[in-house]
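The chain contents come next:
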Amino acid sequence: MKRLMILIMALAATALAWAEGGTEGKAILDFSMPPNQLSPARLVGLDGKNISAPISKTSFWVEPGDHNITVTAAIDESMGVGTIDIQHKTDPGTVTITVEAGKRYKIAAQATDNKGNWEPVIWKEEDVK
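Just so it is clear, the model here is predicted, and its values are computed rather than measured.

A. Focus on the sheet that holds strand E6 (residues 93–99). What the four strands build is an open sheet, ordered E3-E2-E5-E6; its pairing is antiparallel. Of all strands in the sheet, those bounded by a partner on one side alone are strand E3 (49–50) and E6. Pairing of strand E2 (residues 41–46) with E3, which is carried by two bridges, proceeds in the antiparallel orientation. Within the sheet, the bridge partner assigned to Leu46 lies in E3 and is Lys49.

Rendered as structure tokens:
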């Protein structure tokens, strides 16, 4: 019952944001599950501010323009990146990205070697529907 109430409140908040135009003219940073060749990433900082959102939150609306994002990665040894456990969050990576209004940017972590090094990448860009 508690989960249902949380879901209803989240849906109501989303509907209110749409109704008020709170998301109009913005972009989405999307950290949902990437394809198998990449590892999941999580937003922990945006433009110098810490992000402490629930793990279940994977999408963040932002204004168009340049943004400094800091992400952590869950790197899996099956990706050929040492023996780091999938639940272990590696050191955050910070990059600057430029986003456009009405676009969704799907972000993940990409291994750069077999020593646990990685970098944040935009693996897909699409229009917001």
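So, next bit.
B. Geometry of the pattern of salt bridges. Counted by the stated rule, this structure contains six salt bridges. Between Asp30 and Arg104 there is a salt bridge, with its nearest N and O atoms 3.1 Å apart. Of the two residues, Asp30 sits in strand E1 (residues 27–30) while Arg104 sits in strand E7 (residues 103–111), which places them 74 residues apart along the sequence. The closest approach of N and O atoms between Glu126 and Lys124, which form a salt bridge, is 3.6 Å. The exposure class of Glu126 is partly exposed, given its relative accessible area of 22%. On the accessibility criterion, Lys124 (38% relative accessible area) is partly exposed. Among the charged side chains, a network of salt bridges with common partners joins Asp30, Arg104, Lys106, Lys124 and Glu126.

C. Region of the structure containing the sheet that holds strand E4 (residues 59–62). Pairing is mixed across the open sheet formed by four strands, whose spatial order is E4-E1-E7-E8. Looking at the sheet topology across the chains shown, the edges are occupied by E4 and strand E8 (118–127). Strand-to-strand twist of the sheet, defined as the mean angle between neighbouring strand axes without regard to direction, takes the value 25 degrees. Summarising the sheet, E1 and E4 pair through four bridges and their orientation is antiparallel. Considered in E4, the bridge of Ala27 is made with Val62.

D. Molecular detail of the nonpolar core. Formed by 19 residues in total, the largest nonpolar core has its most connected members in Leu29, Phe31, Ile69, Val71 and Val99. When contributions to this core are tallied by element, the ones reaching two or more residues are E1, E2, E4, strand E5 (65–73), E6 and E7. Those residues in contact with Val99 that sit more than four places away from it in its chain are Ala27, Leu29, Val62, Glu63, Pro64, Gly65, His67 and Tyr105.

E. Examining the pairing of E8 more closely. Two elements, E7 and E8, share nine bridges in a ladder whose sense is antiparallel. Counterpart to Ile107 in the pairing with E8 is Ile122. Linkage of E7 to E8, two consecutive antiparallel strands, is achieved through a turn of six residues, within which Gly116 is found at a positive phi near 90 degrees.

F. Representation of the packing of aromatic side chains. The tally for this structure, following the rule as stated, stands at one aromatic pair. When the ring of Phe31 is compared with that of Phe60, the centres are 6.1 Å apart and the planes differ by 75 degrees; the resulting orientation is edge-to-face. Highlighted residues: Phe31 in the loop between E1 and E2 and Phe60 in strand E4, separated in sequence by 29 residues. Taken as a pair, Phe31 and Phe60 share a single burial class, namely buried.

Parameters and conventions
- Along each chain, residues carry numbers from 1 onward, in the same order as the chain's sequence is written.
- Since the coordinates come from a predicted model, pLDDT governs what is reported: local features require at least 70, and pairs of side-chain atoms require 80 or more to be given and counted, while whole-chain, interface and lining totals use all residues.
- Excluded from the side-chain calculations are hydrogens and water; all other atoms, namely the structure's heavy atoms, are used.
- A strand pair is defined by DSSP finding two or more bridges across the two strands.
- Each helix is a run of DSSP H or I of at least 4 residues and each strand a run of E of at least 2, with the numbering of both proceeding from the N terminus.
- Salt bridges are counted wherever a side-chain nitrogen of Lys or Arg sits within 4 Å of a carboxyl oxygen of Asp or Glu.
- Exposure classes here rest on a 1.4 Å probe applied to the protein chains alone. A residue is buried below 20% of its type maximum, exposed above 50%, and partly exposed in between.
- Angles run from 0 to 180 degrees between N-to-C directions of axes, and those axes are lines fitted to C-alpha atoms, restricted for helices to the stretch in contact.
- Take the buried residues of types Ala, Val, Leu, Ile, Met, Phe, Trp, Tyr and Cys, join any two whose side-chain atoms come within 4.5 Å, and each joined set is a nonpolar core.
- By the convention used here, residues are in contact when the closest approach between their heavy atoms is within 4.5 Å.
- Any Phe, Tyr or Trp ring, taking Trp's six-membered ring, that has another such ring centre within 6.5 Å forms a pair; planes under 30 degrees apart are called stacked, those over 60 apart edge-to-face, and the others tilted.

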